[in-house]
Amino acid sequence: MNLMRSISDGNYPWTGMMFGLTISSVWYWCSDQVIVQRALAAKNLSHAKGGCILAGYLKVLPLYLLVFPGMIARILFPNEVGCADPDVCYKLCGSRSGCTNIAYPWLVLELMPHAARGLMMAVMMSALMSSLTSIFNSSSTIFTVDIWTRIRKNASEMEQLIVGRLFVIILVVVGILWIPVIQASKGSELFVYIQSITSYLAPPVCAVYVLAIFWKRINEPGAFWALMVGLVVGLIRFAWEFSYSSPACGEEDTRPNIITNMHYLHFGILLFFITAIVAVVVSLLTKPIADKHLHRLTFWTRYSEEDRIDISEVEESNDDVKHDTQPHTERNGTKETDQLSHSTKLPWWKQVINFVCGIKTEEEQAQEPVLTQDEIRELEKKGNDISESTRAKWIGNINAIILMTAAAFLWGFYA
């Protein structure tokens, strides 16, 4: 086992492992919705840091729970997991490019006793379902909140809930239809496929995120066009590479040199710098964002106590403001009575649909507390506070240092 391999290594070159994976990791841990939504749910900054550090400790375990068992499976079952004949591979796992994806299930089914097999398979399915639900929830939230509400600015809560659930169904269908592409790619190795897709799509987001945190001059046009250019370049490489099927074991690789010789991790590094250059150039050529909109949004202004004017509030029209305040004024008077009386007359099938979709009736909505402007400002102030107690700060920092030291030791030990 060697983590630091030659720069020309076809699997894991050291430059790609050190720099390419760093770019993908910054995207995943700092801007991916699946992770961000968990950090935003923390009570305060100390809890968010503690959760991230705990996740870092847990990330050490896959080396011993996944990587080593995979190596063991390759040794114990060389004719199955390490099959070299394309025909044999196809009979075993339905893929002519290799059967490495069956290593872990093969260990469970062949070595563990019957009772433990069922338990382990249940654990594996539970972990898979947990990951899928997180991804579906995050994707539907992004689509509904960031895209659908721009298409239909006056969309009701019920409409957003229905759209979110329909979008999840679309994602499930697309995922099922995409399975043959995964099976035919990258030697049919699922992990390599995930990392290659990440290297084609994540670097633009990482570049814009890093610039937005450390450089206040970047603006919306710069970020937008950088993301568009990065997305187009990444999709071109993605479509180009996956338009070719990976050669089966023993077959000659006839794909273009730019695909076979330029590792996907190296391409991620190149894409990161292309995106960063576009973001810098476009931002310098366009109007900067005023400082009053940047308090506590960059690394250098994170402790600012000045009131920040949300730039979206400046761009909102009076109709949008009226729409935001309208529900508070409609909860009194005859209109509320009419809505409540109407909600009680819903047919049974509509009540079942509302219950399944999690849609609240007007009566349930009317019973929810209405916050005053002072209470809203107090909650915003509390949410913007990133102060920590001395004890929590020391505990978090010490554990972060221990974690980074352990990671450096493991890299050095297996290098």
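Heads up: the structure comes first, above all this text.
So, here is what we can say about the structure in this document. (Residues numbered from 1 in each chain as written. Predicted model: local features only at pLDDT ≥ 70, side-chain atom pairs only at ≥ 80, totals over all residues. Heavy atoms only, no water.)

### A closer look at the overall build of the protein chain
Stage number 1. A count of helices and strands for the protein chain gives 20 helices and 0 strands.
Stage number 2. Buried positions account for 26% of the 415 residues belonging to the protein chain.
Stage number 3. A separation of at least 24 residues holds for 67% of the contacts in the protein chain among residues at least 6 apart in sequence.
Stage number 4. Surface summary for the protein chain: the accessible area is close to 27100 Å², and the carbon and sulfur share equals 65%. (Helix = DSSP H or I, 4+ residues; strand = E, 2+ residues; numbered from the N terminus. Buried < 20%, exposed > 50% of the residue type's maximum accessible area, 1.4 Å probe, protein only. Contact = heavy atoms within 4.5 Å. Areas by Shrake-Rupley, 256 points an atom, 1.4 Å probe, with all protein chains shown as cover.)

### Observations concerning helix α6 (residues 103-111)
Stage number 1. Within the sequence span of α6, burial applies to Ala 103, Leu 107 and Val 108. Seen end-on, α6 carries its buried residues on one side only, within an arc spanning 140°. (Arc of directions from axis to C-beta.)

### A short note on helix α10 (residues 190-214)
Stage number 1. An ideal rise of 1.5 Å per residue puts 36 Å on 25 residues; α10 measures up with 35 Å between its terminal C-alpha atoms.
Stage number 2. Along its length, α10 reaches its greatest deviation from straightness, about 45°, at Ala 202, and the proline Pro 203 lies no more than four positions downstream. (Expected span 1.5 Å × (residues − 1). Bend = angle between axes of the 7 residues up to and from the residue.)

### A look at the packing of helix α1 (residues 14-31) against helix α2 (residues 33-40)
The description of two packed helices rests on the angle between their axes and on the distance between the axes.
Stage number 1. As a packed pair, α1 and α2 sit with axes 5 Å apart at the nearest point and diverge in direction by 40°. What the angle tells us is that α1 and α2 run oblique. Seen from α1, the contacting residues are Tyr 28, Trp 29, Cys 30 and Ser 31; seen from α2, they are Gln 33, Ile 35 and Val 36. (Axes fitted to C-alpha atoms, helices over the stretch in contact; angles between N-to-C directions. Parallel < 35°, antiparallel > 145°, perpendicular 65-115°, else oblique.)

### Quick notes on the packing of aromatic side chains
Stage number 1. The final tally for this structure, using the stated rule, is 15 aromatic pairs.
Stage number 2. Relative to Trp 148, the ring of Phe 143 lies with its centre 6.4 Å away and its plane at 35°, an arrangement referred to as tilted.
Stage number 3. Centroid distance Phe 214 to Phe 299: 5.5 Å. Interplanar angle 40°. Geometry classified as tilted. Taken together, the residues Phe 214 in helix α10 and Phe 299 in the loop between α13 (264-285) and α14 (311-315) connect sequence positions 85 residues apart.
Stage number 4. With a relative accessible area of 32%, Phe 299 lands in the partly exposed category.
Stage number 5. By way of ring pairs, the aromatic residues Trp 27, Tyr 28 and Trp 29 are connected into one cluster.
Stage number 6. When the ring centre of Phe 267 is taken as reference, the NZ or CZ atom of Arg 237 above it lies at 5.2 Å.
Stage number 7. In this structure, Arg 302 is placed above the aromatic ring of Phe 299, and the distance from its NZ or CZ to the ring centre is 4.0 Å. (Phe/Tyr/Trp six-rings, centres within 6.5 Å; stacked < 30°, edge-to-face > 60°. Lys NZ or Arg CZ within 6 Å of the ring centre and 35° of its normal.)

### Quick look at the nonpolar core
Stage number 1. Counting residues in hydrophobic clusters, the biggest one holds 14 residues, and the most contacted among them are Ile 23, Leu 211, Ala 226, Phe 272 and Ala 279.
Stage number 2. Elements that contribute at least two residues to this core include exactly α10, α11 (220-242) and α13.
Stage number 3. Tallying contributions element by element places α13 first for this core, with 6 residues.
Stage number 4. If we skip the residues at most four places from it in the chain, Leu 211 touches Ile 218, Ala 276, Ala 279 and Val 280.
Stage number 5. Judged by nonpolar contacts, the second largest core, of 10 residues, contains Phe 238, Phe 242, Tyr 264 and Leu 265. (Core = buried A, V, L, I, M, F, W, Y, C linked by side-chain atoms within 4.5 Å.)

### Observations regarding the side chain of Ser 134
Stage number 1. Checked against the element boundaries, Ser 134 lands in helix α7 (residues 114-151).
Stage number 2. Overall, Ser 134 belongs to the buried group, its relative accessible area being 10%.
Stage number 3. A polar side-chain atom of Ser 134 sits 2.7 Å from a polar atom in the side chain of Arg 38.
Stage number 4. The residues contacting Ser 134, other than those within four sequence positions of it, are Val 34, Gln 37 and Arg 38. (Polar contact = N/O pair within 3.5 Å; in protein donor to acceptor, adjacent residues only side chain to side chain.)

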